[in-house]
Amino acid sequence: MVQSHKKNHPFHLVDPSPWPFVGAIAGFVSALGLILLMHGHGFYVLLMGAALVLFTMAGWWRDVIKESEDKISYTLPVQFGLRTGMALFITSEVMFFVAFFWAYFNASLFPTEPTGGIWPPKGIHPLDPFDYPYFNTLILLLSGTTITWAHHSLLEKHRDAVLKGIAATVVLGLCFTGIQVYEYAHATFGFKEGIYASTFYMATGFHGAHVIVGTLFLTVCWVRARLGQFTPDRHVGFEAAAWYWHFVDVVWLFLFVSIYWWGSGL
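Residues numbered from 1 in each chain as written. Predicted model: local features only at pLDDT ≥ 70, side-chain atom pairs only at ≥ 80, totals over all residues. Heavy atoms only, no water.

Its location among the elements puts Asp-249 in helix H7 (residues 236-261). Buried charge Asp-249 goes without a salt bridge, the closest partner of opposite sign being Arg-83 at 19 Å. Residues within four places of Asp-249 in sequence aside, it is in contact with Leu-140, Ser-143 and Gly-144. (Helix = DSSP H or I, 4+ residues; strand = E, 2+ residues; numbered from the N terminus. Buried < 20%, exposed > 50% of the residue type's maximum accessible area, 1.4 Å probe, protein only. Lys, Arg positive; Asp, Glu negative; His and termini not counted. Salt bridge = Lys/Arg side-chain N within 4 Å of Asp/Glu carboxyl O. Contact = heavy atoms within 4.5 Å.)

Okay, structure coming up:
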């Protein structure tokens, strides 16, 4: 008797893939290299692990993009599941920042003897919030409008506007990162100089890492948009990038108000 293999459900079952196995090896080599580096050697092992991780990411995401072009596999329930997964991922990232803000406010609202009983602590000269931080705030707010412009242009099938909107957002993201690097290079305190410095660099640096990831995310979306892989009813990858970027924008507003402005003691 011939059995039918016709798909009778709306979900996407992926084909066997080598990437989980390769990714596990890459993670192991990276961890081994990091441990060896902490003992004075192992730099090349860490470099090899990092290269394997990047190779896994590129290959795995390439396969995911190919799968997304299959209209049979990527049904509406599958797209809903992907959006839900992205929303939960962003929620988990929010929890990281909750922890950093908790540490910052715990130290600032209840200054202890090591900080001199005041906030900012003695010897710390905070950055002027209305200098580079304020300029970076304007940059991220503008980038939020450009990515929204790109999204609405995609829904209206204006391909050129989509490309311009994403490109403008990527450029603004690069500008933000460059200004933050300059700001760090000219700060008067280092990471190890007490609770203020550690919470400042941990929160703002972690956010900066998210800006870099978001910029790369949007760069890939620009390439995909140029190749015509997004349509008004099928653009989950772009939606995920836009949501991620808006998350980055909102977190920065909290950082600017609480750590840069209020935390400066002005």
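Relative to the assigned elements, Ser-30 resides in helix H1 (residues 19-38). Not counting residues within four places of it along the chain, the set of residues in contact with Ser-30 comprises Leu-46, Gly-49, Ala-50 and Val-53.

All right, on to the environment of Asp-131 then. Relative to the helices and strands, Asp-131 resides in the loop between helix H3 (76-109) and helix H4 (132-155). Residues Asp-131 and Gly-23, 108 residues apart in the sequence, show an inter-C-alpha distance of 42 Å.

Let's shift gears to the packing of H4 against H7. Contact geometry for H4 and H7: axes closest at 10 Å, N-to-C directions at 160°. Comparing their axes, H7 and H4 come out roughly antiparallel. In this structure, H4 crosses over H7, and the sense of that crossing is left-handed. Here the contact of H4 with H7 is composed, by residue class, of 15 nonpolar, seven polar and two charged. (Axes fitted to C-alpha atoms, helices over the stretch in contact; angles between N-to-C directions. Parallel < 35°, antiparallel > 145°, perpendicular 65-115°, else oblique. Left-handed = near helix turned anticlockwise from the far one by under 90°. Nonpolar A, V, L, I, M, F, W, Y, C, P; charged D, E, K, R; others polar.)

Once that is clear, we can look at the pattern of salt bridges. Opposite charge on two side chains permits them to pair, given that their charged atoms come into close proximity. Applying the stated criterion to the full structure yields two salt bridges. When the shortest N-O distance is used, the salt bridge between Arg-62 and Asp-63 registers 3.2 Å. Among the residues examined, Arg-62 registers a relative accessible area of 43% and is labelled partly exposed. Across the pair Glu-239 and Arg-83 runs a salt bridge whose closest N-O atoms are separated by 2.5 Å. Of this pair, Glu-239 sits in helix H7 while Arg-83 sits in helix H3, placing them 156 residues apart in sequence. The exposure class of Glu-239 is buried, given its relative accessible area of 13%.

Helix length check: H4 (24 residues) gives 35 Å between terminal C-alpha atoms against 34 Å at 1.5 Å per residue, within 8%. Lys-157 sits one or two residues past H4 and shows a positive phi near 65°. (Expected span 1.5 Å × (residues − 1).)

Right, let's get into the packing of aromatic side chains. Within this structure, the stated rule accounts for 33 aromatic pairs. Both rings, one in Phe-200 and one in Tyr-260, keep their centres 5.4 Å apart while their planes meet at 80°; by these two values the pair is edge-to-face. You can see Phe-200 sitting in helix H6 (residues 194-226) and its partner Tyr-260 sitting in helix H7, a full 60 residues away along the chain. Accessibility classification places Phe-200 together with Tyr-260 in one group, the buried group. (Phe/Tyr/Trp six-rings, centres within 6.5 Å; stacked < 30°, edge-to-face > 60°.)

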